[in-house]
Amino acid sequence: MEILFSAADRFKAKGTVLDVRPHGNGNIHDTFLVSLDFPETRCFILQRVNTRVFGRPELVTANIRTLTDHVGKRLEREAPNSRQRWEIPRILPDREGSDHWIAPDGSFWRAMSFIESARSFETVQGAEHALEVGYGLGTFHRLIHDLPAERLADTLRGFHVTPHYLQRFESVLAARPPGLSPEIRYALKFVEDRKAGVGVLEDARTRNRLRLRPIHGDPKVDNILIDPETAQAVAMIDLDTVKPGLIHTDIGDCLRSCCNPSGEETQDWEAVRFEPDLCRSILQGYLSTAGGFLTADDHDFLYDAVRLIPFELGLRFLTDHLEGDVYFKVRYPGHNLVRALVQFKLTESIESLSGPLRAVLRELR
Ligand code: GN1
Ligand code: MG
């Protein structure tokens, strides 16, 4: 508790720290909302970065700075004729002007501005929300599409490189064969049956059909904020996975999060379904603002991305379950296994809808 207040105190620009409380439900870092008694900045976000996952946390902060500076400049130029409010969280330096603070216990701390008058949701509320979520991701991509990917560091090697996750899964499985419960049996067979297709996006990248661009890396529904007054998307938060990548993984990740009305934390995994109408609305919103810079090749691989990313996340959760929950935080024993099953059911549902989904993609193209 004491360290929380010391960290909060270092990053506050003015006023007194009134309260520091856990914020959101991230699976990796520890995130807090700091309240101040200062009227102009009533609160900010404080994070203890998970340095087991992000081995070079200072590069994560540098990436966020590069991206937010780029977007900040663009927004200044665009402001006079923009459709709506759009904000980007900014890094707050500590009292010595540094973008991070290393506490006496070695933990790595960082602060970001808090976006006021904006709401985060754990599931998509309906067609209009879906359209806005898509518009939000599209706006984010549009604002960064001219930022050269080489200006961002690769802060998480192998992130969203599906063949790499498969290799890791296989070595963990060989080292720690699990007891064969019906759920584990289902999960292992599920992976076995889909091994052949895991390289589809990586192969397209090596053949230069897809190229690296700056990506958000984690555009799940909770990370796209909505203005409660206008019901419009106004910001994308959680920028630590910003790095060079394929925009396909962002699109696939957004859809796997948003088109699952049960939410990724449901325990009723057998009931999980992919909702194609929400998918249509999200893509409509997305393409209305980002369609301009997608190439024909980009369009050709959209279905593959929609199918692959939930499978990949399921594989990541399953591997972590087999390994003893060393990566994703868990709230109960077997949590990562249930999360994996949710993503596998979602993948199954997408596969069963491949005809209609491909038709939607053709129509919106
Ligand atoms: C992790 O920590 P959080 O919740 O922002 C993960 C994402 C997953 C997500 C699933 C760095 O994000 O890739 O999609 O959990 N982030 C990292 O909820 O691995
Ligand atoms: Mg995240």
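Structure's up top.
Values in this document were obtained by computation on a predicted structure and should not be read as measured data. The numbering scheme is per chain: residues are counted from 1 as the chain's sequence reads. For this description, chains carry letters from A and ligands carry numbers from 1, given in the order in which they are written. Only residues with pLDDT of at least 70 get local features here, since the model is predicted, and only at 80 or more are side-chain atom pairs given and counted; chain-wide, interface and lining totals rely on the full set of residues. Water and hydrogen atoms play no part in the side-chain values, which are based on all heavy atoms of the structure.

**Section: the site of ligand 1**
Turning to step 1, where the next piece is worked out: Throughout, the term near means that a residue has one or more heavy atoms lying within 4 Å of the molecule or strand in question. Near ligand 1 lie 16 residues; those nearest to it are Asp218, Lys220, Glu264, Arg316 and Tyr327.
Turning to step 2, where the next piece is worked out: Residue Asp238 places a side-chain N or O atom 2.9 Å away from an oxygen atom belonging to ligand 1.
Turning to step 3, where the next piece is worked out: A 3.5 Å cut-off defines polar contacts: any pair of N or O atoms within that distance qualifies, except that in protein one atom must be a possible hydrogen donor and the other a possible acceptor, and neighbouring residues in sequence count only when both atoms are side-chain atoms. Residue Glu264 places a side-chain N or O atom 2.4 Å away from an oxygen atom belonging to ligand 1.
Turning to step 4, where the next piece is worked out: Taking 440 Å² as the accessible area of ligand 1 by itself, protein coverage stands at 96%.
Turning to step 5, where the next piece is worked out: Detection works on a 1 Å grid of protein atoms alone, calling trapped sets that fit a 1.4 Å probe cavities and calling open sets with protein on both sides within 12 Å along at least five of seven lines pockets, with lining residues defined by an atom within 4 Å of a point. Each molecule is assigned to a cavity or pocket provided more than half of its atoms lie within 2 Å of the corresponding grid points. Mapping ligand 1 onto the cavity grids shows that it belongs to the largest pocket.
Turning to step 6, where the next piece is worked out: Polarity classes work like this: nonpolar for Ala, Val, Leu, Ile, Met, Phe, Trp, Tyr, Cys and Pro, charged for Asp, Glu, Lys and Arg, and polar for all others, with Gly in that last group. Looking at the shell around ligand 1, its residues break down into 7 nonpolar, 3 polar and 6 charged.
Turning to step 7, where the next piece is worked out: Counting only domains with at least three residues in the shell around ligand 1, you end up with domain 1 (1-116) and domain 2 (118-365). Only the protein chains shown count as cover for residues, and all accessible areas are computed by the Shrake-Rupley method using a 1.4 Å probe. Residue ranges for the domains originate in an automatic or database domain assignment.

**A look at the coordination of the magnesium ion (ligand 2)**
Turning to step 1, where the next piece is worked out: Protein coordination of the magnesium ion (ligand 2) is provided by Asp218 (OD) and Asp238 (OD), with donor distances spanning 2.0 to 2.1 Å. Separated by 20 residues along the polypeptide, Asp218 in the loop between β7 (213-215) and β8 (224-226) and Asp238 in the loop between β9 (233-236) and β10 (243-245) bring together distant segments of the chain.
Turning to step 2, where the next piece is worked out: Per-residue accessibility, obtained with a 1.4 Å probe over protein chains only, is compared with the maximum for each type, and a residue is labelled buried under 20%, exposed over 50%, and partly exposed between these values. Look at Asp218 and you get buried, because its relative accessible area is 17%. Think of the donor list as every N, O and S atom within 2.8 Å of the metal, or within 3.2 Å for Na, K and Ca; water never makes the list, so a site can look incomplete. To qualify as a helix, a DSSP run of H or I must reach at least 4 residues; to qualify as a strand, a run of E must reach at least 2; elements of each kind are numbered from the N terminus.

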